[in-house]
2 protein chains.
Amino acid sequence: MIRGMVAPMHVTVDLVVLTVRVGEFLALTIRRKLDPFAGRWALPGGFVLEREDLVDAAVRELSEEAGIGSMRTHLEQLRSYGQPDRDPRGRVVSVAYLALVPDPGEPTAGSDADAAAWKPVDSLLRSRTLAFDHAAILRDGVERARAKLEYTSLGAMLIPEPFTINELRAVYGAVWGREPDARNFHRKVSSAEGFVEPTDETTTRGGGRPARLYLRGPARLLHPPMLRS
Amino acid sequence: MIRGMVAPMHVTVDLVVLTVRVGEFLALTIRRKLDPFAGRWALPGGFVLEREDLVDAAVRELSEEAGIGSMRTHLEQLRSYGQPDRDPRGRVVSVAYLALVPDPGEPTAGSDADAAAWKPVDSLLRSRTLAFDHAAILRDGVERARAKLEYTSLGAMLIPEPFTINELRAVYGAVWGREPDARNFHRKVSSAEGFVEPTDETTTRGGGRPARLYLRGPARLLHPPMLRS
DNA sequence: GCGCACTATCGTCAGACTGACGATAAAGAG
DNA sequence: CTCTTTATCGTCAGTCTGACGATAGTGCGC
């Protein structure tokens, strides 16, 4: 049906899965069981099945390779990578997805991996340990996440509900590498329409005066944005 | 080299090519010569060659199908589309690119098309005339372009150099559907570091008092952004 | 050559928002 | 019951924006 001179290619999805745990900005990595790059760390991912939509493949890999359900997950397409030599097995085009999840605890390795682990984003980016072009994909995903914290409410997708405003502030500190001022952050978040919804509960888990607990609000975009400055 | 159960797919690039001409926001379309959708209007695009990088395929199609060189063109990846049934010929994953060009005049149809034309974005989006899922791709591209005018200097890629500030303002009006205030726009653009570079020349082509001519500046991001409000 | 129409550019001003930081509130620790 | 710690509210000056007034240079019609 398609003229023969056009070579078909393999299509994969790769996942940049990000979370924050105790003040650290982490990405999910797996250790590859098979060649190429057997034994090396990589981003989770896999081939798109014959009749499978791209986003469905991403959801499936998230579940298979990381044991992460799609319920509390923000998942968006990042971009595609198609350099002809990016995979030694042949021509493979990868559609990368970005997932932001509240810390789900230790990951369980899927069938293609002999280990899975959360690793600090900074050290992954500095240490060229990732297989394929996954360092570039991770860099793009991290950049997108950092940018989106500015003008969306997605920061709240990186912690479990309910959370205090200071816990949310720690997310921004971990992702941006710089803590916003607590008082200005509190003013901004609590006055931004629909960013967070207060509950009746408070907690003292951070020590000090009890802090109100919040849930994620319905707003997705922030007007005006929160500036990294 | 890759286990047999994973079916290879065809990979294409599709192009959302946008420009502004006499106050109208236009997208490049071609009329398809071949099935599927022969005779229907579509976005320019085509198959990625066996050893060709994705962006190279986009540059090639831009040149082949629209006669647009890559010199004065802003080209960025938009996103990928991979619904299993999006192409009746079989499984085709398309990587869409967004191009912003200064009006290059009437397009010349490439070999896969029997016509090429600039059409107003709004009417294309309203009238469900585009083949495949190209209406969705165009919508995403237009949305990206509208958003990027806010926080980048890309508006200047939509008009030929040199230009007056008012001509640039007309670009914003065409893309956003609403003209910013001339005086505030002038203040903002001329005070934003590196957005535009003044020349020594002026023009009276708009009538009235001579306007200074500007070139595109080196800045790509605007801090703070220009608000659609 | 003169005033008019037109666009370009500069200025003004109130309101919104930000960053820096002071001050007070409400817990637990000792 | 005082100290430490975190939470929350306030203050204030500086920046940026939107609305809009005012002035500056052109070409055009007469």
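Reading the values: the criteria
Residues numbered from 1 in each chain as written. Chains lettered and ligands numbered in written order. Predicted model: local features only at pLDDT ≥ 70, side-chain atom pairs only at ≥ 80, totals over all residues. Heavy atoms only, no water. Helix = DSSP H or I, 4+ residues; strand = E, 2+ residues; numbered from the N terminus. Rg over C-alpha atoms; globule rule 2.2 N^0.38 Å. Buried < 20%, exposed > 50% of the residue type's maximum accessible area, 1.4 Å probe, protein only. Contact = heavy atoms within 4.5 Å. Areas by Shrake-Rupley, 256 points an atom, 1.4 Å probe, with all protein chains shown as cover. Lys, Arg positive; Asp, Glu negative; His and termini not counted. Charge placed at Lys NZ, Arg CZ, Asp CG, Glu CD. Salt bridge = Lys/Arg side-chain N within 4 Å of Asp/Glu carboxyl O. Polar contact = N/O pair within 3.5 Å; in protein donor to acceptor, adjacent residues only side chain to side chain. Nonpolar A, V, L, I, M, F, W, Y, C, P; charged D, E, K, R; others polar. Phe/Tyr/Trp six-rings, centres within 6.5 Å; stacked < 30°, edge-to-face > 60°. Lys NZ or Arg CZ within 6 Å of the ring centre and 35° of its normal. Least-squares fit on C-alpha atoms with pLDDT ≥ 70 in both. Near = heavy atom within 4 Å. Pairing = 2+ DSSP bridges. Expected span 1.5 Å × (residues − 1).

A.B. asks: Any details on the overall build of chain A? Residues and values, ideally.
C.D. replies: Secondary structure summary: chain A contains five helices and nine strands in total. Overall, chain A shows an N-to-C arrangement of helices and strands of β-β-β-β-α-β-β-β-α-α-α-α-β-β. Rg of the C-alpha trace for chain A: 19 Å, near the compact-globule value of 17 Å for 229 residues, within the 12% margin. Projected onto its principal axes, the C-alpha positions of chain A cover 65 × 35 × 30 Å. Burial status across chain A gives 53% buried among its 229 residues. Considering only contacts in chain A between residues 6 or more positions apart, those separated by 24 or more positions represent 66%. Surface accessibility of chain A: about 11000 Å² in total, with carbon and sulfur atoms responsible for 50%. Separation between the mean location of the 31 positive side-chain charges and that of the 30 negative ones in chain A comes to 5 Å.

A.B. asks: Please give an account of the pattern of salt bridges that cites residues and values.
C.D. replies: Residues and elements named next belong to chain A. Scanning the model with the defined rule gives 36 salt bridges over all chains in all. A salt bridge links Arg144 to Glu76; its shortest N-O distance comes to 2.6 Å. Within this pair, whereas Arg144 is found in helix 3 (residues 134-151), its partner Glu76 is found in strand 5 (residues 74-81), the two being separated by 68 residues in sequence. Across the pair Arg86 and Asp133 runs a salt bridge whose closest N-O atoms are separated by 2.8 Å. Here Asp133 lies in the loop between helix 2 (121-126) and helix 3 and Arg86 lies in the loop between strand 5 and strand 6 (92-100), a separation of 47 residues in the sequence. Salt bridges here are not isolated pairs; linked through shared partners, they connect Glu52, Arg60, Glu61 and Glu64.

A.B. asks: Report on the interface of chain B and chain A, specifying residues and quantitative values.
C.D. replies: At the junction of the two partners, chain B supplies 30 residues and chain A supplies 30 residues. Here chain B and chain A share zero salt bridges between them. Where chain B touches chain A, the interface holds 10 residue pairs in polar contact (both at pLDDT 80 or more). Put simply, the parts of the chain that give the side of chain B that touches chain A at least two residues each are strand 1 (10-21), strand 5 (74-81) and strand 6 (92-100) of chain B. Ranked by residues supplied to the side of chain B that touches chain A, first place goes to strand 5 of chain B with four residues. Here the side of chain B that touches chain A is composed, by residue class, of 17 nonpolar, five polar and eight charged.

A.B. asks: Account for the packing of aromatic side chains, naming residues and giving values.
C.D. replies: All names here are of chain B. Tallied over the full model, the rule gives six aromatic pairs over all chains. Ring centres of Tyr172 and Phe185 lie 5.2 Å apart, and the angle between their planes is 65 degrees; this geometry places the pair in the edge-to-face category. One end of the pair, Tyr172, is in helix 4 (residues 165-176); the other, Phe185, is in helix 5 (residues 182-191), with 13 residues separating them in the sequence. The buried category is assigned to Phe185, whose relative accessible area is 2%. In this structure, Arg79 is placed above the aromatic ring of Tyr81, and the distance from its NZ or CZ to the ring centre is 5.2 Å.

A.B. asks: Would you mind going over the relation of the copies chain B and chain A in detail, with residue names and values included?
C.D. replies: Once turned by 180 degrees and shifted 0.0 Å along the axis, chain B lies on chain A with an RMSD of 0.0 Å. What the superposition gives is, in effect, a two-fold axis relating one chain to the other. With an isologous cut-off of 70% or more, the 100% of interface residues of chain B that recur at the interface of chain A puts this contact in the isologous class.

A.B. asks: Lay out the protein's contact with DNA strand D with the relevant residues and their values.
C.D. replies: Close to DNA strand D lie 22 residues, the nearest being A:Asn166, B:Arg183, B:Arg187, B:Lys188 and B:Arg209. A share of 50% is what sugar and phosphate atoms reach among the atoms of DNA strand D within 4 Å of the protein. Here A:Arg187 contributes a side-chain N or O atom positioned 3.4 Å from a base oxygen of DNA strand D. A:Arg212 has a polar backbone atom sitting 2.9 Å from a phosphate oxygen of DNA strand D. By residue number, the principal contributor to the surface near DNA strand D is helix 5 of chain B, which donates four residues. Looking at side-chain class alone, the surface near DNA strand D contains five nonpolar, eight polar and nine charged residues.

A.B. asks: Kindly report on the side chain of B:Thr12, identifying the contributing residues and their values.
C.D. replies: All names here are of chain B. Here Thr12 lies in strand 1. With relative accessibility at 8%, the residue Thr12 sits in the buried group. Reaching out from Thr12, the side chain makes a polar contact with the side chain of Ser94 at a distance of 3.4 Å. Setting aside chain neighbours within four positions, we find Thr12 in contact with Gly46, Phe47, Val48, Val92, Val93, Ser94 and Val95.

A.B. asks: Tell me about the pairing of strand 5 of chain B, and please be specific about residues and values.
C.D. replies: Residue and element names in this part refer to chain B. Along strand 5, six of the eight residues are buried, which leaves the element largely enclosed by surrounding structure. Sheet topology places strand 5 next to strand 6; seven bridges connect them, and they run antiparallel. Bridge pairing links Gln77 to Tyr97 in strand 6.

A.B. asks: Outline the protein's contact with DNA strand C, listing residues and values.
C.D. replies: Around DNA strand C, 22 residues are found, and the nearest of them are A:Arg183, A:Arg187, A:Lys188, B:Asn166 and B:Arg183. Looking at DNA strand C alone, sugar and phosphate atoms form 50% of those within 4 Å of the protein. Here A:Asn184 contributes a side-chain N or O atom positioned 2.9 Å from a base nitrogen of DNA strand C. Contact between DNA strand C and B:Gly207: a sugar or linking oxygen at 3.4 Å from a main-chain N or O atom of the residue. Counting residues per element, the ones that place at least two in the surface near DNA strand C are helix 5 (182-191) of chain A together with helix 5 and strand 9 (211-216) of chain B. In terms of residues, the surface near DNA strand C owes the most to one element, helix 5 of chain A, which gives four residues.

A.B. asks: Break down helix 3 (residues 134-151) of chain B for me, with residues and values.
C.D. replies: Between its first and last C-alpha atoms helix 3 of chain B spans 26 Å; for 18 residues at 1.5 Å apiece the expected length is 26 Å, and the two agree. Among all positions in helix 3 of chain B, only B:His134, B:Ile137, B:Leu138, B:Asp140, B:Gly141, B:Val142, B:Ala145, B:Lys148, B:Leu149 and B:Glu150 are buried.

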